[in-house]
Amino acid sequence: MTSAGTGGTPADPGTPRGGDDEAGGGQARGGGAGFETLAIHAGQEPDPLTGAVVPPIYQVSTYKQDGVGGVRGGYEYSRTANPTRAALEECLAALERGARGLAFASGMAAEDCLLRTVCAPGDRVLIPDDAYGGTYRLFAKVLDRWGVRHVPVRFATAAAVKDALEKGPARVVWLETPTNPLLGIADIAAIAAGAHEAGALLVVDNTFASPYLQRPLALGADVVVHSTTKYLGGHSDVVGGALVAADPGLADRLAFHQNAIGAVAGPFDAWLTLRGIRTLAVRMDRHCSNAARIAAALAAHPAVSQVLYPGLPTHPGHEVAAKQMRGFGGMVSLRLRGGEGAAIRMCGRTRLFTLAESLGGVESLIEHPGRMTHASAAGSPLEVPPDLVRLSVGIETCDDLLDDLHQALA
Ligand SMILES: Cc1ncc(COP(=O)(O)O)c(C=O)c1O
């Protein structure tokens, strides 16, 4: 976002700004196609066989060979490559401006593949002290047994990361920004510089922002991770994950492991995700503007003790978010003066906001992270406050969403 030095005003905290190609590091258009054009066309040429204008679902496991080893277009077996998945992977690489994209059965499958590609027993990984609960569980309950150690760090300042790197080497610095569910913001460019100086790879989980709002590779990250289940899919009808790497050599190693481990996206899931991506830009604009209004209204509500939304000028990461994001996103978390009981009551009272896990779909969702998405972090340094409620603000009529929240808090 080139234009935003200090971000939005209180009256207009999350309005997306900038031109059509300015997310994540503020690259100018410079001859390449714009974001919306890539979302609709990258990897999605009309089908050469029939002219079908969207990629067909190649629901197939294997491909006829023209003589032994005579594979057509490189397709021999669908775990290794499938045309529908290839279309999604090409589009993901284009949107994140990476060397290569890879699509997985879930965000966790993508994370697992990445960590098993780049880490070996004895390696350390720095992770945010408010990372997504499933990511924490992968480190604490799975990778730990294989000798990969995680070190929770408060990523709000690049200095904290530098300190942690001085205490011991790390193979990977794992960032999430904004974080799930506390909406913490980390300065990707500053942390990339520190990580590289210390010989570590910088991985950024870009799920909450989506490539429309933020492009970590342009800010120095090495690999971007997505739960495509969220904004990329966008309709709460498919589970998926993705990796996009900046370096072609690393991308090829990841592709080798994707095939060797095997948790790939199926053709129909890849097709649904690609269908969602075509409208990502317009959906994100509305998610951002609805969330900005809701955050401002909640901040003025007497039952609410704190609103966590990077678009609010009071948010400690506001300036950094304004620098590295095109808009502030559709996720809003809030803490209630009435404590855990009030938080749980609110979650049970909304009518339009559906009580459910996940996020990033067109419909608004509400949840209690402490008892739901982040229950696996209970008792750990990543435990979330019990009075916390997380909203995934959808693209419904904003006045209706505001009415619903007001009646739920009454
Ligand atoms: C930030 C973040 N990263 C990764 C994941 C894992 O993705 P999936 O549920 O698709 O496996 C999630 C899921 O909620 C998430 O919120």
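Residues numbered from 1 in each chain as written. Predicted model: local features only at pLDDT ≥ 70, side-chain atom pairs only at ≥ 80, totals over all residues. Heavy atoms only, no water.

**Description of the overall build of the protein**
Right, on to step 1. When its secondary structure is counted, the protein shows 14 helices and 12 strands.
Right, on to step 2. The C-alpha extent of the protein, read off along each of the three principal axes, is 75 × 50 × 40 Å.
Right, on to step 3. Residues counted as buried form 54% of the 410 residues belonging to the protein.
Right, on to step 4. Sequence separation of at least 24 residues holds for 72% of the intrachain contacts in the protein that already meet a minimum separation of 6. (Helix = DSSP H or I, 4+ residues; strand = E, 2+ residues; numbered from the N terminus. Buried < 20%, exposed > 50% of the residue type's maximum accessible area, 1.4 Å probe, protein only. Contact = heavy atoms within 4.5 Å.)

**Overview of the sheet that holds strand β3 (residues 149-153)**
In any sheet, the strands associate via hydrogen bonds between backbone groups, in a parallel or an antiparallel arrangement.
Right, on to step 1. Taken together, seven strands build an open sheet; the order of strands is β1-β7-β6-β5-β4-β2-β3 and the sheet is mixed. Only two strands of the sheet have a single partner each, and these edge strands are β1 (100-104) and β3. Taken over all neighbouring pairs, the strand axes of this sheet differ in orientation by 20° on average, direction set aside.
Right, on to step 2. Bridge count between strand β6 (residues 223-227) and strand β7 (residues 241-245): five bridges; the pairing is antiparallel. Note that in β7 the partner of Val-225 across the bridge is Leu-243.
Right, on to step 3. Across the sheet, helix α7 (residues 188-197) is in contact with β4 (172-176) and β5 (201-205); its angle to β5 comes to roughly 150°. (Pairing = 2+ DSSP bridges. Axes fitted to C-alpha atoms, helices over the stretch in contact; angles between N-to-C directions.)

**Description of the sheet that holds strand β11 (residues 365-367)**
Right, on to step 1. Judged by pairing direction, the sheet is mixed, and its five strands sit side by side in the order β8-β9-β12-β11-β10 without closing on themselves. One side of each edge strand has no neighbouring strand; the edge strands of this open sheet are β8 (304-308) and β10 (354-355).
Right, on to step 2. Bridge count between β8 and strand β9 (residues 331-336): four bridges; the pairing is antiparallel. By the bridge assignment, Val-304 is partnered in β9 with Leu-336.
Right, on to step 3. Its contacts with the sheet put helix α13 (residues 339-349) on β9, β10, β11 and β12 (388-392), and the angle it makes with β9 is roughly 135°.

**Remarks on the nonpolar core**
Right, on to step 1. Judged by nonpolar contacts, the single largest core of 86 residues is most densely connected at Val-173, Leu-202, Ile-294, Leu-298 and Leu-391.
Right, on to step 2. Once you skip the residues sitting within four places of it in the chain, Val-173 turns out to touch Leu-126, Phe-155, Val-161, Leu-165, Ile-191, Ala-195, Ala-200, Leu-201, Leu-202 and Val-203.
Right, on to step 3. The next biggest cluster of nonpolar side chains, apart from the first, holds 30 residues, and it includes Cys-113, Tyr-136, Val-148 and Trp-174. (Core = buried A, V, L, I, M, F, W, Y, C linked by side-chain atoms within 4.5 Å.)

**Overview of the site of the ligand**
Right, on to step 1. If you check the shell around the ligand, you find 13 residues, and the closest are Met-108, Asp-205, Ser-227, Thr-229 and Lys-230.
Right, on to step 2. In this structure, Met-108 approaches the ligand through a main-chain N or O atom, which is 2.9 Å from an oxygen atom.
Right, on to step 3. Within the side chain of Thr-229, a nitrogen or oxygen atom sits 2.7 Å from an oxygen atom of the ligand.
Right, on to step 4. Contact with the protein chains hides 91% of the accessible area of the ligand, taken as 390 Å² for the molecule alone.
Right, on to step 5. Looking at the shell around the ligand, the element that brings in the most residues is helix α4 (residues 107-118), giving three residues.
Right, on to step 6. Of the residues belonging to the shell around the ligand, the class tally is two nonpolar, seven polar and four charged. (Near = heavy atom within 4 Å. Polar contact = N/O pair within 3.5 Å; in protein donor to acceptor, adjacent residues only side chain to side chain. Areas by Shrake-Rupley, 256 points an atom, 1.4 Å probe, with all protein chains shown as cover. Nonpolar A, V, L, I, M, F, W, Y, C, P; charged D, E, K, R; others polar.)

**Observations concerning the pattern of salt bridges**
Right, on to step 1. For the structure on display, the rule yields 13 salt bridges.
Right, on to step 2. Of the charged contacts, one joins Asp-399 and Arg-293 as a salt bridge, the two residues approaching to 2.8 Å between their closest N and O atoms. Note that Asp-399 is positioned in helix α14 (residues 398-409) and Arg-293 in helix α11 (residues 280-299), a separation of 106 residues in sequence.
Right, on to step 3. We classify Arg-293 as partly exposed; its relative accessible area is 42%. (Salt bridge = Lys/Arg side-chain N within 4 Å of Asp/Glu carboxyl O.)

**As for the pairing of β12**
Right, on to step 1. Among the five residues in β12, five count as buried, and that is most of the element.
Right, on to step 2. In the sheet, β11 pairs with β12 via three bridges, with the strands oriented antiparallel. Residue pairing for β12: Ile-366 is matched across the bridge by Leu-391.

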